[in-house]
Amino acid sequence: MLIVTHGGKFHADDAWAVAVIYVLYPEAELVRTRDPVIIESGDVVIDVGGIWDPALGRFDHHQKGFSGARQTGVPYASAGLVWREYGARCVAALAAKHTGQQLSDETAQHIAYAIDADIVQYLDLSDVGAAKNAPGGYGLSAVISGYNLSWLDEERLGYGERADAYRLSQFRRAMDFLVDVMANAVKYRVGALLALEQVRKAEVLEGGRLLYLKNSALPWSSVVRKEMPKVLFVISHNIGEQRYMLHTVPATADTFEARADLPASWAGLRDADLALVTGVPDAGFCHNGRFIAAAKSYDGIHAMALQALKEAGQD
């Protein structure tokens, strides 16, 4: 397979799009060029060529009259066009490689939609100049842009084959980074799906206001927030560190506001200072933001949870 994209400066949308194809076809050849003869010969042509036709392997969005957009109205650039066509297959491949799970077509497509909403659409928005995906220089699009040659690089390398070779190596480095981003996004979502039933079946204490998870690595926040409206705090066992954690429950997905905070008197305290305030000998710490605390034993963290519930009830 021959993948063709444009030469010169690259952006996150074309690097993401090529990376997706490489996940599926790791032995493919890549050429970065604007030579129309080579473009015509490509099996998959990305961000160049003036055609959007998935059946022909053409994924450009620069042509006059292009109006491709998601149902939400967010316009497509090459990242979104390729993800729309290959995203579910890419998710399935990454899930099999990194989690050992064989996803159904429906589940893979569901995860692909979620990754588009969380990541890909922002690469497209940045590319078409509609929005930035983060302030300053550290949004994903800006990070990928930083892999391009600077004027200092060009002054050092010149403007010939040496510079082109270095630019291609940087493009591949950017692709590798983006594949890691994809893989991490897939692993998180597959893990969340597999954790659902365990969280739903976890022990509920204190009249439904406290949930106990036997493994703190389980992603629990979303299902507790959506399905367990009475739960104010979650106890979890950090198996690796052999301690127990007490968590607040986020009120919404996009804020730090909690259904109930840990007691103000605990904020920022550790060890003996926290033990003195709580009366729990093995108390470990409470974050200054009052959203997490720890103790060495289950009995200790449960005692702290009861105090937090009492104070929350008084509030």
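Let us look at the structure shown here. Keep in mind that what you see is a predicted model, and the values were worked out from it rather than measured. (Residues numbered from 1 in each chain as written. Predicted model: local features only at pLDDT ≥ 70, side-chain atom pairs only at ≥ 80, totals over all residues. Heavy atoms only, no water.)

Estimated volume of the largest pocket: approximately 710 Å³. Surrounding the largest pocket, 25 residues form its lining, Y188, A192, S222, V223 and K226 being those nearest its centre. Put simply, the parts of the chain that give the lining of the largest pocket at least two residues each are α4 (105-127), α7 (161-200) and α8 (221-227). Here the residues of the lining of the largest pocket sort into 12 nonpolar, seven polar and six charged. (1 Å grid on protein atoms, 1.4 Å probe; cavity = no way out; pocket = protein on both sides within 12 Å on 5 of 7 lines; lining within 4 Å. Points joined across faces, edges and corners; volume = space filled by probe spheres on them. Helix = DSSP H or I, 4+ residues; strand = E, 2+ residues; numbered from the N terminus. Nonpolar A, V, L, I, M, F, W, Y, C, P; charged D, E, K, R; others polar.)

This part is about the nonpolar core. With 49 residues, the main nonpolar core has W16, W83, V91 and I115 as its most contacted residues. Secondary structure elements with two or more residues in this core: α1 (12-24), β3 (44-46), α3 (78-99), α4, α5 (140-145) and α7. Core analysis: the next-biggest nonpolar cluster, separate from the first, contains 22 residues, L210, Y212, L232 and W266 among them. (Core = buried A, V, L, I, M, F, W, Y, C linked by side-chain atoms within 4.5 Å. Buried < 20%, exposed > 50% of the residue type's maximum accessible area, 1.4 Å probe, protein only.)

It is worth spelling out the sheet that holds strand β5 (residues 58-59) at this point. Taken in spatial order, the five strands line up as β2-β1-β3-β5-β4 in an open sheet, and their pairing is mixed. Two strands close off the open sheet at either side, each with one partner strand: β2 (29-32) and β4 (52-53). The pairing of β3 with β5 spans two bridges and is parallel. Residue pairing for β5: I46 is matched across the bridge by F59. (Pairing = 2+ DSSP bridges.)

Quick look at the pattern of salt bridges now. On inspection of all chains with the given rule, the structure shows nine salt bridges. Between R70 and D124 there is a salt bridge whose closest N-O contact spans 2.9 Å. Taken together, the residues span a long stretch of sequence, with R70 in the loop between β5 and α3 and D124 in helix α4 at a distance of 54 residues. Look at D124 and you get buried, because its relative accessible area is 0%. Each of R70, D116 and D124 takes part in one network of salt bridges that share partners. (Salt bridge = Lys/Arg side-chain N within 4 Å of Asp/Glu carboxyl O.)

Let us now look at the pairing of strand β11 (residues 292-295). Burial of β11 is two-sided: the residues I292 and A294 facing one way and the residues A293 and A295 facing the other way are all buried. Where strand β9 (residues 243-248) meets β11, four bridges bridge the pair, whose relative direction is antiparallel. Within β11, the residue paired with M245 across the bridge is A294. Sheet topology places strand β10 (residues 283-286) next to β11; three bridges connect them, and they run antiparallel. Each residue of the ladder has a partner; that of F285, found in β11, is A294. In sequence, β10 turns back onto β11 through a hairpin of five residues, with R290 there showing a positive phi of about 60 degrees.

Spatially, six strands are ordered β6-β7-β8-β9-β11-β10 in an open sheet, and the strand pairing comes out mixed. Only two strands of the sheet have a single partner each, and these edge strands are β6 (203-205) and β10. Across the sheet, the mean angle separating the axes of adjacent strands is 20 degrees when strand polarity is ignored. (Axes fitted to C-alpha atoms, helices over the stretch in contact; angles between N-to-C directions.)

To continue, consider the packing of aromatic side chains. Inspection of the entire model under this criterion finds eight aromatic pairs. Plain terms: the ring middles of W52 and F66 are 5.5 Å apart, the flat faces sit at 65 degrees to each other, and that makes the pair edge-to-face. Within this pair, whereas W52 is found in strand β4, its partner F66 is found in the loop between β5 and α3, the two being separated by 14 residues in sequence. Overall, the relative accessible area of 30% leaves W52 in the partly exposed class. The lysine or arginine in question, R32, covers the ring of F171, its NZ or CZ lying 4.7 Å from the ring centre. The side chain of R156 reaches across the aromatic face of Y166, ending 5.7 Å from its centre. (Phe/Tyr/Trp six-rings, centres within 6.5 Å; stacked < 30°, edge-to-face > 60°. Lys NZ or Arg CZ within 6 Å of the ring centre and 35° of its normal.)

All right, on to α4 then. Where α4 bends most, the angle comes to about 50 degrees, and this point is D116. Of all the positions in α4, only A108, I111, A112, I115, D116, I119, V120, Q121, L123, D124 and L125 are classed as buried. Phi turns positive one or two residues past the end of α4, at G129, with a value near 80 degrees. (Bend = angle between axes of the 7 residues up to and from the residue.)

Okay, unusual backbone geometry next. The residue E206 is not glycine, and still its phi comes out positive at about 50 degrees. Note on placement: E206 falls in the loop between β6 and β7 (210-213). What makes E206 partly exposed here is its relative accessible area of 32%. Its identity as a non-glycine residue notwithstanding, Q242 has a phi of 50 degrees, on the positive side. If you trace the backbone, Q242 turns up in the loop between β8 (233-238) and β9.

Let's shift gears to the pairing of β7. Going residue by residue along β7, you find L210 and Y212 tucked away on one face and L211 and L213 tucked away on the opposite face as well. Sheet topology places β7 next to β8; four bridges connect them, and they run parallel. In the strand pairing of β8, L211 is matched with V234. Chirality of the crossover, the property in question, places the unit of β7, α8 and β8 among those that are right-handed. (Right-handed = clockwise from strand over helix to strand, strands pointing away.)

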